[in-house]
Amino acid sequence: MGEQAWQLSNPLLGLVAIIATFLLFYVVGYISNRNSKSVQDLYVAGASVGPLTNGLAMASTYMSLATFLGITALILKLQVPFIILWIQLILAIPLITIIYGTCLRRMGAFSPTHFIRERYGVSASIIAALFMILVSIMYALGQMIGIALAFETVLGIPYMTGLIVGGLIIVGYITLGGMAGATNNAAIQMVIMALMFIVPLGAIMKAVGGSGWYFPPLLYADMVPAMLEAMPGFFDYQFSPKWYFSIIPALTIGALGLPHLAMRIYTASNLKSARSAMVWFAFILGLVFSATYAMGFVGVFATESQGIVISDGDADKLTLILNLVYNPEWVTALVIAGAISAGLSTLSGNLLAIGALLSQDIVTTLKPNLTNKIRVRLGYIAIFFGGIVSILLAINPPAFLVVSILWAFGLAGVTNAPLILMGVWWKEANRIGAISASVIGGLLYIIVSPFVFPSIVLTGHGVTDGMGLSGAMLAVPVSFILLIVVSYVTNRIPALKGKLTPEADEVLVERIHGWKDVQPYRYNSKLGALVTVIFCTAIAIWAILPWNM
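Everything numeric in this text was worked out from a predicted model, so none of it was measured.

Caption draft 1: Layout of the overall build of the protein. Of the regular secondary structure elements, the protein holds 24 helices and 0 strands. The 549 residues of the protein split such that 61% are buried. Counting only contacts in the protein whose residues sit at least 6 apart along the sequence, the fraction spanning at least 24 positions is 84%. Accessible area of the protein: about 19,800 Å², with a carbon and sulfur share of 69%.

Caption draft 2: Broad picture of helix H23 (residues 502-512). Among the residues making up H23, those that are buried are Asp 505, Leu 508, Val 509, Glu 510 and Ile 512. Backbone geometry just downstream of H23 places Gly 514 in the positive-phi region, at approximately 95°.

Caption draft 3: Highlighting the pattern of salt bridges. Scanning the entire structure with this criterion turns up 8 salt bridges. One salt bridge connects Glu 510 with Lys 427, and the closest N-O pair in it is separated by 2.7 Å. In this pair, Glu 510 is assigned in helix H23 and Lys 427 in the loop between helix H19 (417-425) and helix H20 (431-447), connecting sequence segments 83 residues apart. The two residues Glu 510 and Lys 427 agree in class, both being buried. Exposure remark for Glu 510: the relative accessible area of 0% places this residue in the buried category. Connected through salt bridges with shared partners, the residues Lys 427, Glu 510, Asp 517 and Arg 522 form a single ionic network.

Caption draft 4: Seen up close, the environment of Tyr 220. Here Tyr 220 lies in the loop between helix H9 (216-219) and helix H10 (224-230). Taking relative accessible area as the criterion, Tyr 220 reaches 16% and is therefore assigned buried. Placed 78 residues apart in sequence, Tyr 220 and Val 298 show a C-alpha to C-alpha distance of 8.1 Å. What Tyr 220 contacts, discounting residues up to four positions off in sequence, is Met 205, Phe 215, Ser 290, Tyr 293, Ala 294 and Phe 297.

Caption draft 5: Local environment of the side chain of Ser 290. By the element assignment, Ser 290 lies in helix H14 (residues 271-305). Overall, the relative accessible area of 17% leaves Ser 290 in the buried class. Within the structure, the side chain of Ser 290 is placed 2.8 Å from the backbone oxygen of Gly 286, a separation counted as a polar contact. Each residue touching Ser 290, except ones within four places of it in the same chain, is listed here: Pro 217 and Tyr 220.

Caption draft 6: Layout of the nonpolar core. Counting 170 residues, the largest nonpolar core has Phe 68 and Ile 340 as the members making the most contacts within it. The dominant element in this core, judged by the number of residues it contributes, is helix H7 (residues 122-155), at 20 residues.

Caption draft 7: Representation of H7. Taking 1.5 Å of rise per residue, the 34 residues of H7 would be expected to cover 50 Å, and the 48 Å separating its terminal C-alpha atoms lies within 8% of that figure. Judged by how many residues are buried, H7 sits mostly within the fold: 27 of 34 residues are covered. Gly 156 sits one or two positions beyond H7 and adopts a positive phi of about 70°.

Caption draft 8: Unusual backbone geometry, seen in detail. Backbone geometry at Tyr 523 places phi at a positive 50°, although glycine is not the residue there. Turning to its location among the elements, Tyr 523 is positioned in the loop between H23 and helix H24 (526-544). Under the relative-accessibility criterion, Tyr 523 is labelled buried at 19%.

Caption draft 9: Region of the structure containing the packing of H20 against helix H22 (residues 469-490). Packing of H20 against H22 leaves a shortest axis separation of 8 Å and a crossing angle of 160°. On the basis of their axis angle, the class for H20 and H22 is roughly antiparallel. Seen along the crossing, H20 lies across H22 with a hand that is right-handed. Residues Ile 432, Gly 433, Ala 434, Ser 436, Ala 437, Ile 440, Gly 441, Leu 444 and Tyr 445 of H20 form the contact with H22, whose participating residues are Gly 471, Ala 472, Leu 474, Ala 475, Val 478, Ser 479, Leu 482, Leu 483, Val 486, Ser 487 and Thr 490. In terms of residue class, the contact of H20 with H22 is made up of 13 nonpolar, 7 polar and no charged.

Caption draft 10: Main features of the confidence of the model for the protein. Averaged over all residues, the pLDDT of the protein is 81; the fraction at 70 or higher stands at 85%. Below pLDDT 50 for its whole length, residues 36-48 participates in 51 contacts with residues either more than four positions away or in separate chains.

Caption draft 11: Representation of the side chain of Asn 323 in the model. Position of Asn 323 relative to the elements: it lies in helix H15 (residues 318-326). Exposure remark for Asn 323: the relative accessible area of 0% places this residue in the buried category. Those residues in contact with Asn 323 that lie beyond four places of it in its chain are Pro 200, Ile 204, Met 295, Val 331, Thr 332 and Val 335.

Caption draft 12: Looking closely at the packing of aromatic side chains. Under the defined criterion, the tally for this structure stands at 13 aromatic pairs. Geometrically, the ring pair formed by Phe 234 and Phe 297 is edge-to-face, given 5.3 Å between the ring centres and 80° between the ring planes. Pair noted here: Phe 234 is in the loop between H10 and helix H11 (241-245) and Phe 297 is in helix H14, with a separation of 63 residues, a long-range link. Taking relative accessible area as the criterion, Phe 234 reaches 1% and is therefore assigned buried. Consider the rings of Phe 235 and Phe 297, whose centres lie 6.4 Å apart with planes at 45°: the pair is tilted. Of this pair, Phe 235 sits in the loop between H10 and H11 while Phe 297 sits in helix H14; the two residues are 62 residues apart in sequence, bridging distant segments of the chain.

Caption draft 13: Spatial organisation of the environment of Leu 545. By the element assignment, Leu 545 lies in the segment after H24. On a C-alpha basis, the gap between Leu 545 and Thr 459 in space is 9.4 Å, while along the polypeptide they are 86 residues apart.

Caption draft 14: Inspection of the environment of Gly 209 at higher detail. By the secondary structure assignment, Gly 209 is in the loop between helix H8 (159-207) and H9. Sequence separation between Gly 209 and Asp 222 is 13 residues; the distance between their C-alpha atoms is 9.9 Å.

How each quantity is defined
Residues numbered from 1 in each chain as written. Predicted model: local features only at pLDDT ≥ 70, side-chain atom pairs only at ≥ 80, totals over all residues. Heavy atoms only, no water. Helix = DSSP H or I, 4+ residues; strand = E, 2+ residues; numbered from the N terminus. Buried < 20%, exposed > 50% of the residue type's maximum accessible area, 1.4 Å probe, protein only. Contact = heavy atoms within 4.5 Å. Areas by Shrake-Rupley, 256 points an atom, 1.4 Å probe, with all protein chains shown as cover. Salt bridge = Lys/Arg side-chain N within 4 Å of Asp/Glu carboxyl O. Polar contact = N/O pair within 3.5 Å; in protein donor to acceptor, adjacent residues only side chain to side chain. Core = buried A, V, L, I, M, F, W, Y, C linked by side-chain atoms within 4.5 Å. Expected span 1.5 Å × (residues − 1). Axes fitted to C-alpha atoms, helices over the stretch in contact; angles between N-to-C directions. Parallel < 35°, antiparallel > 145°, perpendicular 65-115°, else oblique. Left-handed = near helix turned anticlockwise from the far one by under 90°. Nonpolar A, V, L, I, M, F, W, Y, C, P; charged D, E, K, R; others polar. pLDDT = per-residue confidence, 0-100. Phe/Tyr/Trp six-rings, centres within 6.5 Å; stacked < 30°, edge-to-face > 60°.

Given below as structure tokens:
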């Protein structure tokens, strides 16, 4: 089958499914957000969301169109290595809760950038906010690409038309709905995604001869002997150990700094509810992520043994193509609606994060006397224009839609995560160290990426450099080193004492951990800081040595 075959022959089926889901989401968004009168209502839904709804919303936000389309495309290209890579990402939200989510909520912070402002000052928070806007836009870019591909498959229209039509509809929905609408809709979207991914996958597995079709997330393993016969190298670890280690700074640490994930912690009604939501999150996301691996596995098997030919340009459509080949068209229409639900959910988190960063962390910080009404209005305007920018960037997309998303993970890990982790757990971290780490680390990460200076690369392997794996392995440890060393040195320069606030920092760190008194020995280990610097130095040196890809 050629490229031109990958679209619905009856577009009406897809249109009905998409219109029905959009109507549902618009109604839920409007009803949920019609009473949003404050910034807290707009961005964290009044901190009143229950654990099941929040767990579903977290999973929905994290899954995204990258999971529905982009992940299966890279499994088609990389096989087992990418399956291992994606496993790291499920750790993020539980780690956010364990490492700093509780502390930030106790502090009353809306977002990680809010914490950076309180901990390191206005200048550091504005720099972090600017980087986080870039992170959120790059993350949203991948979703917009996926939306355009879904509309292209439904209607047989050009990519550009699908991008503009689908993008504008979604931006309007998010601007109308706010966080209350986004959270309630995300819970609904997660149920739709799970059903529209797992059930059709079972039918596909049955069609290609898999006996475990009745529970695809785990029982696709019965196809392993057939896969080994069709593609003996599927399970080969084709990269060096360094490649697998680089996943940790790029994705696990990177995800800790993603603002749209952290915001979900603050929507919970209390700390107990936030922790309970983690259980639901891990269960639901584990189920759907396992099905994602299964879809990629079956896709590779189908291309190797069933005569299905998928061009490089159509790789991101793998999930849709398998449904077009093995399932009735009405099923594919529902799968496309599920894919759009995935894009809607994650874009909601991305654009709300952009709105909060621009209106709360930059404009309101510089103009603190703005009325509440103007601040809320600024939020809506920022959400809308953030969506427009992501549409414009998607006009000339990368080869794989998930590349820009994974690159965004790494940038968050370089510019945001070290400031939060050290700020919560080490009293000596100060504003000069934070600014140095964020600016220098962030610029280093951007420079070694293939997007700005294509000739400056660490591996020469396009997918590895494009996903930010090599850049993060260098820049994340450099960021930690700068934050620790610069903070430690500047804290001991008498001329800088007037510009630093060590006493206030001590009180803040003790308070966010729940202590009512202040003890110098808590969260102040010089040995721990030294070990971290030595370890990070070794990793940075390892990163610049030949990768042998």
